[in-house]
Amino acid sequence: MADEPLVLGIETSCDETGVGVVRGTTLLADAIASSVDEHARFGGVVPEVASRAHLEAMVPTIDRALKEAGVSARDLDGIAVTAGPGLAGALLVGVSAAKAYAYALGKPLYGVNHLASHICVDQLEHGPLPEPTMALLVSGGHSSLLLAPDITADVRPLGATIDDAAGEAFDKIARVLQLGFPGGPVIDRLAREGDPKAINFPRGLTGPRDAAYDFSFSGLKTAVARWIEAKRKAGEEVPVRDVAASFQEAVVDVLTRKAIRACKDEGVDHLMIGGGVAANSRLRALAQERCDDAGIVLRVPRPKLCTDNGAMVAALGAEMVKRNRPASDWDLSADSSLPVTDPHVPGTQDHDAGGDPGHGHGHSHDHDHVHELSKDNLYS
C-alpha cells in the first residue's frame, strides 16, 4: 500500500466542498462542507452563494482531510481537482485552490472530469473497475449511460437526458408537493409508505421508436404536477405518499430498464450506478433485482460516496498517477461543459515550478519560485 500513489482530490462542481485523500484504491479521508442549507430557502442551488461558500470552506476542509488521513501535504504524489462539468464559478474556486497548493508544494496537478470521477469512486468500495465498465450516472445535473473501457482515457457516452436530469425532477416534484429542498431524500422516505402502483405516471422515451439509451423526465414532471394540481382544484386531498412512490417508480423503472438493455447490447456483465440519485433506496433495490435476473453484477458505492465528494476526485487522480497519465498545465481552466469523453485535461508542456508533469508518482522538481519560508509556514 505504501507504494500506491497518495493523492488529494478537490470537488467543487456544485454546492458541496469535498476534499478526499486516497492511497491507490484505499480511502484515507473524505471531508465535506455542504452549503445546502444556504440554498434551501431559494428552492435550489444559487451559483454565487455556492461559490462564496467554497471560498470560505476550502482551506479548513483541506486541513481537515489531511489531518483525518494522517498525512502531510508534503507527502502527496499529486493533487486532483474537478475541472468540469459543473457551475463555472464553483469550479473556478476549486481549480484555483488546487493550482495554488500544487504549485506551492511542487506536486503534479490533475484536472479531472466530474462524471468520470463518479465512476472511479467505486474502486474505493469494490476494488478495481472491470474493463469495460457500464455506468449509469444519475444526479441533479446528469442522467447518463456511459461505457468506460479505460476510466482514465476512454469514456464513451451511450445515452443521456434530453431535458431534466433525474435528480432535477425529484427536486421539482418535491417543490410542487411543498416538501422542501433537496427533494430526493424526502421523496425516497415518503415513498416507502406509499403505493408505487397507485398512479400510472408516464415512462418517457420507452416507445419502440425512441432512442434506446436516452432519458426524458420533463414529461413525467409535468404529468405529476398536473395530477397534483387537478386534485387541489377539485378540493381533494393529495395522497403525498402515493404520489411520491408512483413518481419515484416511474423514474427508477426507466433508469434500470435502459441500463440493463445497454449491458446486454454491449455484452457487459457489470453495471455500476453512481451520482446522487444512486443513494435512492428504490433505485438500488430495483437495479439489484433486475441485474440478478439478467446475470449482471451490480456495483453501487455506499450512499455517502454517491453524492458529490472529494474522494471520487482523488480516486480518479490516483488512477491517473498510477497509469502515468500526463498532468495538467498550470493554465488549467474550469470548463463548465467539459465533455465526459475527456476524463481529464492533460498538459502539453512541463510545469515551470513542478518539473515534468508526466512523472506523477515519485515526482520531483527542478525549479521552485515559491519561498521556502512561506512553504514551511503553510505546509509543515
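Per chain, residues are indexed from 1 in the order of the written sequence. Confidence filtering applies because this is a predicted model: local features only for residues at pLDDT of at least 70, side-chain atom pairs given and counted only at 80 or more, and all residues used for totals across whole chains, interfaces and linings. No hydrogens and no water enter the side-chain calculation; it runs on all heavy atoms of the structure.

Section: the environment of His344
On the secondary structure map, His344 appears in strand β11 (residues 344-345). Given a relative accessible area of 9%, His344 falls into the buried group. In this structure the C-alpha to C-alpha distance between His344 and Ser328, which are 16 residues apart in sequence, comes to 8.2 Å. We call two residues in contact whenever any of their non-hydrogen atoms come within 4.5 Å of each other. When residues no more than four places from it in sequence are discounted, the contact partners of His344 are Gly111, Val112, Asn113, Thr152, Met320, Arg325 and Pro326. In this text, helices come from DSSP runs of H or I with a minimum length of four residues, and strands from runs of E with a minimum of two, each type numbered from the N-terminal end. Partly exposed residues are those whose accessible area sits between 20% and 50% of the maximum for their type, while under 20% is buried and over 50% is exposed, using a 1.4 Å probe and protein chains only.

Quick look at the confidence of the model for the protein
Confidence per residue, as judged by the predictor, is encoded in pLDDT with a range of 0 to 100. On average, the protein scores 91 in pLDDT, and the residues at 70 or more come to 91%. Predicted confidence is poor over residues 351-380, with pLDDT under 50, and the contacts of this stretch with residues over four places away or in other chains come to 68 contacts.

Considering the packing of helix α8 (residues 218-233) against helix α9 (residues 240-266)
It is the contact of α8 with α9, at a shortest axis distance of 11 Å, that shows an interaxial angle of 165°. The angle between α8 and α9 places the two elements in the roughly antiparallel class. Our pair here, α8 against α9, has a crossing hand that is right-handed. Of α9, the residues touching α8 (which contributes Leu220, Val224, Trp227 and Ile228) are Val243, Phe247, Ala250 and Val251. When the residues that make up the contact of α8 with α9 are grouped by side-chain class, the tally is 8 nonpolar, no polar and no charged. Helix axes are fitted to C-alpha atoms over the stretch in contact, other axes to C-alpha atoms as well, and angles between N-to-C directions run from 0 to 180 degrees. Relative orientations are named as follows: roughly parallel for angles under 35 degrees, roughly antiparallel for angles over 145 degrees, roughly perpendicular for angles from 65 to 115 degrees, and oblique for any other angle. Whether a crossing is left-handed or right-handed is set by the direction in which the near helix is turned from the far one by less than a right angle, anticlockwise for left-handed and clockwise for right-handed. Three residue categories are used. Nonpolar comprises Ala, Val, Leu, Ile, Met, Phe, Trp, Tyr, Cys and Pro, charged comprises Asp, Glu, Lys and Arg, and polar comprises the others, including Gly.

What to know about the sheet that holds strand β9 (residues 270-274)
Where strands meet in a sheet, backbone hydrogen bonds hold them as pairs that are either parallel or antiparallel. Note on pairing: DSSP must find at least two bridges between two strands before they are called paired. Ordered in space as β8-β7-β6-β9-β10, the 5 strands form an open sheet in which the pairing is mixed. Every other strand in the sheet has two partners, leaving β8 (154-160) and β10 (297-299) as the edge strands with one partner each. Averaged over all neighbouring strand pairs, the angle between strand axes comes to 25°, with direction disregarded. Sheet topology note: the strand β6 (residues 133-138)/strand β7 (residues 143-150) ladder contains 6 bridges and is antiparallel. Within β7, the residue paired with Thr133 across the bridge is Ala148. Along the sheet, helix α10 (residues 281-294) makes contact with β6, β9 and β10, crossing β10 at roughly 160°.

A closer look at the packing of helix α6 (residues 166-176) against α9
Where α6 contacts α9, the two axes come as close as 11 Å, and the packing angle between them is 175°. Taken together, the axes of α6 and α9 are roughly antiparallel relative to one another. For the pair α6 and α9, the contacting residues are Ala166, Ala169, Phe170 and Ile173 in the first and Phe247, Gln248, Val251 and Leu255 in the second. The residue inventory of the contact of α6 with α9, partitioned by class, reads 7 nonpolar, 1 polar and no charged.

A look at the pairing of β6
Looking down a regular strand, the side chains alternate between one sheet face and the other. Most of β6 sits inside the fold, with 6 of its 6 residues counted as buried. What you see with β6 is no split at all: Thr133, Ala135 and Leu137 on one side and Met134, Leu136 and Val138 on the other are buried throughout. Here β6 folds back onto β7 in antiparallel fashion, the turn holding 4 residues. Note: β6 against β9, 4 bridges, orientation parallel. Within β9, the residue paired with Met134 across the bridge is Leu271.

Considering α10
The length a helix should cover is 1.5 Å for every residue beyond the first. Counted at 1.5 Å a residue, the expected span for α10 with its 14 residues is 20 Å, and the 20 Å between its end C-alpha atoms agrees. All of the buried residues along α10 are Leu283, Leu286, Ala287 and Cys291. Each buried residue of α10 lies within a common arc of 130° when the element is viewed along its axis, so the set occupies one face. Exposed side chains of α10 directed beyond 90 degrees from the buried face belong to Asp292 and Asp293. The inward-facing, buried residues of α10 abut β6, α9, β9 and β10. Following α10 by one or two positions, Gly295 adopts a phi angle in the positive range, close to 70°. Throughout, the arc means that of the directions going from the helix axis to the C-beta atoms.

So, the side chain of His118
With respect to the helices, strands and loops of the structure, His118 is situated in helix α4 (residues 114-120). Within the local environment of His118, its side chain forms a polar contact with the backbone oxygen of Cys306, the two atoms lying 3.5 Å apart. Those residues in contact with His118 that lie beyond four places of it in its chain are Leu137, Met272, Gly275, Cys306, Thr307, Asp308 and Met312. Whenever two N or O atoms come within 3.5 Å, that pair is a polar contact, provided that in protein one can donate a hydrogen and the other can accept it, and provided that, for residues adjacent in sequence, both atoms are side-chain atoms.

Here we look at the sheet that holds strand β2 (residues 16-23)
Within the open sheet, the 6 strands sit side by side as β3-β2-β1-β4-β5-β11. Their pairing is mixed. What marks the edges here is a single partner per strand, and that holds for β3 (26-34) and β11. Bridging between β2 and β3 involves 8 bridges; their strand directions are antiparallel. Counted as the bridge partner of Val22 is Leu27 from β3. On top of the sheet, helix α3 (residues 88-105) reaches β1 (6-11), β4 (78-84) and β5 (109-113); it is set at about 160° to β4, its chief contact. Each of β1, β2, β3, β4, β5 and β11 touches helix α12 (residues 310-322); the most contacted strand, β1, lies at about 135° to it.

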